[in-house]
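As a plain string of letters, each chain reads:
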Amino acid sequence: MRPHISLELNHLRVIVVLAEELNYHRVGRKVGLTQPGVTRVVAKVEQHVGVRLFERSHSKRHSVSLTDAGRSFVERAKLALTHSDRAFLAARDSQSGVERRIVVGRSPYIDRRLVDILSTMELPLYPSLRVDLQTRYAGELPACVRSGECDLAVITNPPEDPDLTTTLLSSAPFAVVLPEDHRCAKSKVVKLDHLRSTPWIFFDRQVHPTLYDTFLGRARDLGIGPELIHHVANSEEACDLVCRIHGAAFLSQRGAANAAKDGAAICTLREEGLSLDTHLVARAENRSMLLSEFVRSFVTRLKQGRLYQPTPSENAINSNCAA
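Computed from a predicted model, the values in this text were never measured in an experiment.

A. How the structure looks around the overall build of the protein. Along its length, the protein carries eleven helices and 13 strands. Relative to its 323 residues, the protein shows a buried fraction of 46%. In the protein, of all internal contacts separated by at least 6 residues, the share reaching a separation of at least 24 is 76%. Accessible surface, the protein: about 17300 Å² in total, of which carbon and sulfur atoms supply 49%.

Right, dumping it as C-alpha cells:
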C-alpha cells in the first residue's frame, strides 16, 4: 500500500525543475531551496509514488538522470501544474469581469489570414470571450496542447498522437520556387525526381521536425538524395537563395507568392504523401462546450472566407505563378 504522504504543488514544481536541470545546485537556486532541501523533496515524492524517479548520473554537468518512471511522472506533473495555474488565471479573470479565455497556439509560419480570424473570433453564447495567441515552433505545439498550456493549436502536419484530436482545416500542395531559366521552370507541376540534381532549400528542421523528416523520408523511398540541402529561417531567405545557387525552395503556396523575387518561377509539387495539411488540434480528453463551439464557429468563418479546403483544390495543383 502506498504510504500516506501529503504532496504539495511546490513538491511537483521541484521535480519538474529537476527534470529540466538535472542538477541539484541549479534547482536549489531556481526554487529557493538548499541542496539538502531539494534532496528531501525528491525522497518524499519518490516515497509517495513508490518508484525511483531519478538515478545518479556520472556526467560532470548533471547530478541525476530521469528514469522511465520519472519521465512519465514529470509529464503528468507538468499537466497538473498547468491546470493549477490555469485555475488561478480563470479565477482572476472572473474577478476582473473576463468570463472566458481560450489560449490558441500557432506557429509563425501559418497563413496570416487564419491568425486574423482567430484574433477576431466572437461567440454569441460567450460575449466576454478573450482569445490569447501564443507563438511556438510547430514541433513544440503538440506538447503545449497536451500539457494544457494551450487549449487549441493550429498545426501543419501534426504527428499522430492518441492524446490529441485534430480537425483538418486545409490541405495544399507544396510550392517549388525555381530560377526562371531552370529546365522545370515552365512546368505547372514538378515531382521530386525532376529536382534530384538541383540543390534543395528547406526551412531548418527545428521549424517543423515531423514535416522535415516526412519530406526527406519520401525522397529516400524514391532513391533520391539531393546533392546539397540549404537550411533557411524564412521564405524571403529561401527565395533569395533560389537564383543565387540555382536551387529549388520548397514553400507554401502563399509563402512562395509573397516572397518570390524577379527571375524566379513558382511551380506546384505533386508528390504522394507530401502536402501541407493544417489542423486545429485539441486534447482528446477536453469535452469543453466552449471549445466545441469555438471550433465550429472557426470552421464556419473559414468556409465563409473560402479558406476551408480539407482536400487540395485543382486550382492549387494546376497553378503556375511566375514572379
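B. Representation of the packing of aromatic side chains. Enumeration over the complete set of coordinates arrives at nine aromatic pairs. Between F202 and F215, the aromatic rings sit 4.7 Å apart at their centres with planes inclined by 75°, giving edge-to-face as the arrangement. Residue F202 is located in strand β9 (residues 200-203), and its partner F215 is located in helix α7 (residues 209-221); the two are separated by 13 residues in the primary sequence. For the pair F202 and F215, one class covers both residues: buried. Taking the centre distance of 4.8 Å and the plane angle of 65° together, the rings of F215 and F250 count as edge-to-face. Here F250 lies in strand β11 (residues 248-251) and F215 lies in helix α7, a separation of 35 residues in the sequence. Accessibility classification places F215 together with F250 in one group, the buried group. Put simply, the rings of F174, W200, F202, Y212, F215 and F250 touch in pairs and so form one group of aromatic residues. Geometry around Y308 places K303 over its ring, the cationic atom sitting 5.1 Å from the centre.

C. Spatial organisation of the pattern of salt bridges. Counted by the stated rule, this structure contains 17 salt bridges. Its salt-bridge partner being R130, residue D132 comes within 3.4 Å of it at the nearest N-O pair. Put simply, R296 and E293 hold a salt bridge, and the shortest N to O gap is 2.9 Å. With R296 and E293 both in helix α10 (residues 289-304) and three residues apart, this pair spans about one turn of that helix.

D. Inspection of α7 at higher detail. With 13 residues, α7 extends 18 Å from end C-alpha to end C-alpha; this agrees with the ideal 18 Å at 1.5 Å per step. Along its buried surface, α7 packs onto β9, β10 (229-232), β11, β12 (264-269) and β13 (276-283). Immediately downstream of α7, the backbone of G223 shows phi near 75°, a positive value.

E. Just the environment of N23, in detail. Its place among the elements puts N23 in the loop between α1 (9-21) and α2 (24-31). In this structure the C-alpha to C-alpha distance between N23 and V64, which are 41 residues apart in sequence, comes to 6.5 Å. In this structure, N23 is in contact with L18, R61 and S63, ignoring residues within four places of it in sequence. At 3.1 Å, the side chain of N23 forms a polar contact with the backbone oxygen of R61.

F. Quick look at the nonpolar core. Formed by 25 residues in total, the largest nonpolar core has its most connected members in I102, V104, L129, L152, F294 and F298. Contributions of two or more residues to this core are made by β3 (100-106), α5 (112-119), β4 (129-135), β5 (152-156), β13 and α10. Here this core gets seven residues from one element, more than from any other, and that element is α10. Residues within four places of V104 in sequence aside, it is in contact with L118, V131, D132, L133, Q134, L152, A153, V154 and F294. Counting residues in hydrophobic clusters, the runner-up holds 22 residues, among them Y24, F54, V74 and L81.

Thresholds applied
Residues numbered from 1 in each chain as written. Predicted model: local features only at pLDDT ≥ 70, side-chain atom pairs only at ≥ 80, totals over all residues. Heavy atoms only, no water. Helix = DSSP H or I, 4+ residues; strand = E, 2+ residues; numbered from the N terminus. Buried < 20%, exposed > 50% of the residue type's maximum accessible area, 1.4 Å probe, protein only. Contact = heavy atoms within 4.5 Å. Areas by Shrake-Rupley, 256 points an atom, 1.4 Å probe, with all protein chains shown as cover. Phe/Tyr/Trp six-rings, centres within 6.5 Å; stacked < 30°, edge-to-face > 60°. Lys NZ or Arg CZ within 6 Å of the ring centre and 35° of its normal. Salt bridge = Lys/Arg side-chain N within 4 Å of Asp/Glu carboxyl O. Expected span 1.5 Å × (residues − 1). Polar contact = N/O pair within 3.5 Å; in protein donor to acceptor, adjacent residues only side chain to side chain. Core = buried A, V, L, I, M, F, W, Y, C linked by side-chain atoms within 4.5 Å.

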